[in-house]
Amino acid sequence: MARLLLSKHTLASERKKLMAYQRFLPALDLKRQQLRQAQKQCQIEYDALCRELEEVMATVKKQLPMLSALRFSISDLVSVGQVSVESRSQMGVILPHVVEYGATVIPRPPMVNAPWLGYLQQQLLTAIQLRVALKVKKQQLVLLRAAVVKTTQRVNLFDNVLIPRTSSNIKRIQVYLGDREREAVVAAKIAKRRRALPDPMP
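### Examining the pairing of strand β2 (residues 84-90)
In this sheet, strand β3 (residues 93-100) lies alongside β2 in antiparallel orientation, the contact comprising seven bridges. Its bridge partner lying in β3, Ser87 is registered against Pro96. The loop that links β2 with its antiparallel partner β3 comprises two residues; one of these, Met91, has a positive phi angle of about 55°.

Listed below in structure tokens is the structure:
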């Protein structure tokens, strides 16, 4: 750490830095609060997706017990393509968002006329979309948590290190300059008294 120069120039510089820190800290703290709120909302949405997927799976299991005797693969009913994801900025954090799920229902052959297959296909499609949404939502949570941690560290840096240190530097410089000023006044008074004394006889 560089040695603190106890001068008027340094005092002005430290005051300027303190004002900048104090002006920036509330905005940074507000961003942290907004990120925490976004993280909380993201967690709520993630939990809701989990419950929705569990409900779909439970419904299929309850309403279609014949699936255990199914003689063909699930992949014959639903085609899973490429998922399209785009990045969007939210409070300076780049988050992934699903644009297109890339899953479609495969048309059934005419000879397959089980009425429940269409329902099963729609439920499978929903389950696939929910799984993709969950994966992306989890990525969002990870990124938001990291952003909250980073912003909290910056808030703590300003609040617990930079502002106290700069305030301490200002007080130290003020005390030093005050002492020098008083010494200068005392020295001036002593010099004035000496000049006022009559010259001693030669």
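### A closer look at helix α1 (residues 8-63)
For α1, built from 56 residues, the straight-helix expectation of 82 Å at 1.5 Å per residue is met to within 8% by its first-to-last C-alpha distance of 82 Å. Maximal helix bending in α1 amounts to about 25°, located at Leu25; proline Pro26 follows within four positions.

### What to know about the environment of Leu95
Inspection of the secondary structure assignment puts Leu95 in strand β3. Exposure remark for Leu95: the relative accessible area of 1% places this residue in the buried category. For the pair Leu95 and Lys137, spaced 42 residues apart in sequence, the C-alpha to C-alpha distance is 9.2 Å.

About the cut-offs
Residues numbered from 1 in each chain as written. Predicted model: local features only at pLDDT ≥ 70, side-chain atom pairs only at ≥ 80, totals over all residues. Heavy atoms only, no water. Pairing = 2+ DSSP bridges. Helix = DSSP H or I, 4+ residues; strand = E, 2+ residues; numbered from the N terminus. Expected span 1.5 Å × (residues − 1). Bend = angle between axes of the 7 residues up to and from the residue. Buried < 20%, exposed > 50% of the residue type's maximum accessible area, 1.4 Å probe, protein only.

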